[in-house]
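Remarks on the overall topology
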Amino acid sequence: NVFFAALVAMLFAGQVFADIGPTNRSVRYNETGTVLAGSEEKWFINVVNGSGGSLVNGKIVILDVSVDDGYTVTTTTTAAKTPHCVIAQTTCASAKVCKCQTWGRHTALQFDVGNAYATAGDPFFIGENNAGWIQADTMAATDKPAGVIYDSKSSSGDLEGFIRLR
């Protein structure tokens, strides 16, 4: 039926999917082709803070399997845990819904230099010294990378990186 085929074509026209989301979600350009600052692609989810304390921007979290609901998160220092997302708001109070980033550039990852200095281009992992912090070196072969470090750094504190957790 030509009518049905045309109807189906109209429904999907203009909605092209690549990877797991619609296209045209990446950087935006102005009329001269210059990338607009702050327009890089970022993906967020909502989570509930189950850590028992406040979490700040840049803390890396895992799913809280003791709650087993699929959205409550907590921090850990346990090797081989799977990173879920990075807190992406100033503060996230205990038991509250929070914005958490799963993909894209983050400028305030909480970095702990305890295991190794950060080197631009290297992967980062859940920190095994301080809960909620990231580290540059893995202590266990089963650790899972959470993203890529953008800046080299030799002290603990905010670090810029690219989160790859979607």
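The structure contained in this document is the topic of the report that follows. (Residues numbered from 1 in each chain as written. Predicted model: local features only at pLDDT ≥ 70, side-chain atom pairs only at ≥ 80, totals over all residues. Heavy atoms only, no water.)

1. Quick look at the overall build of the protein
The test is simple: Strands here are runs of E lasting at least two residues and helices are runs of H or I lasting at least four, both read from the DSSP assignment and numbered beginning at the N terminus. Remark: exposure states derive from per-residue accessible area (1.4 Å probe, protein chains only) relative to the maximum for the residue type, with buried under 20%, exposed over 50%, and partly exposed in between. By definition in these notes, contact holds between two residues if any of their heavy atoms fall within 4.5 Å. Per-residue and other accessible areas were derived by the Shrake-Rupley procedure at a 1.4 Å probe size, with only the shown protein chains allowed to occlude residues.
Assigned secondary structure in the protein consists of one helix and 13 strands. Helices and strands appear in the protein in the N-to-C order α-β-β-β-β-β-β-β-β-β-β-β-β-β. Split into buried and exposed, the 166 residues of the protein put 34% on the buried side. Here the analysis covers contacts within the protein between residues at least 6 apart in sequence; of these, 59% occur between residues at least 24 apart. Total accessible area on the protein stands at roughly 9300 Å², and carbon and sulfur atoms take up 54% of it.

2. Things to note about the state of the cysteines
Put simply, the rule reads: Cysteine sulfur atoms that pair up within 2.5 Å are treated as a disulfide.
Scanning the model with the defined rule gives two disulfides in all. For Cys-92, the disulfide goes to Cys-98, at an S-S distance of 1.5 Å. Here Cys-92 and Cys-98 share a disulfide; its torsion about the S-S bond, 60°, makes the bridge right-handed. Residues Cys-92 and Cys-98 agree in their burial class; the two are buried. With cysteine numbering restricted to those in disulfides and following the sequence, the protein has the pairing 1-4, 2-3.

3. Some remarks on unusual backbone geometry
Non-glycine residue Asp-68 carries a positive phi angle of around 60°. Judged by relative accessible area, Asp-68 falls into the exposed class, the value being 66%. For Ala-80, which is not a glycine, the phi torsion comes out positive at approximately 75°. Within the secondary structure layout, Ala-80 lies in the loop between strand E6 (72-74) and strand E7 (85-87). Judged by its relative accessible area of 27%, Ala-80 falls in the partly exposed class.

4. With respect to the packing of aromatic side chains
Between two aromatic rings, the relevant description is the distance of the centres plus the angle of the planes. Convention followed: Note on aromatic pairs: the rings of Phe, Tyr and Trp (six-membered ring only in Trp) are paired at centre separations within 6.5 Å, and the planes decide the class, stacked below 30 degrees, edge-to-face beyond 60, tilted for the rest.
A complete count under the given rule lists two aromatic pairs for this structure. Between Trp-103 and Phe-162 the ring centres are 5.1 Å apart and the planes differ by 85°, which places this aromatic pair in the edge-to-face class. One end of the pair, Trp-103, is in strand E9 (residues 97-111); the other, Phe-162, is in strand E13 (residues 157-164), and 59 residues separate them in sequence. The two residues Trp-103 and Phe-162 agree in class, both being buried. Seen from their ring centres, Tyr-150 and Phe-162 are 6.4 Å apart, and the 55° between their planes marks the pair as tilted.

5. Considering the environment of Arg-105
We count it as follows: Whenever a nitrogen or oxygen atom comes within 3.5 Å of another N or O atom, the pair is scored as a polar contact, on the condition that within protein one atom can donate a hydrogen and the other can accept it, and that pairs from neighbouring residues in sequence are kept only if both atoms are in side chains.
Looking at the element boundaries, Arg-105 is found in strand E9. The exposure class assigned to Arg-105 is partly exposed, which follows from its relative accessible area of 28%. Through-space distance from the C-alpha of Arg-105 to that of Arg-164 is 9.2 Å; in sequence the pair is 59 residues apart. Ignoring any residue separated from it by four or fewer positions in sequence, one finds Arg-105 in contact with Glu-40, Lys-42, Tyr-150, Glu-160, Gly-161 and Phe-162. A polar contact of 2.4 Å, which involves the side chain of Arg-105, links it to the side chain of Glu-160.

6. Regarding the side chain of Thr-74
For Thr-74, the position within the fold is in strand E6. Those residues within four positions of Thr-74 in sequence are excluded, and the remaining contacts are Gly-50, Ser-51, Val-61, Ile-62 and Asp-64.

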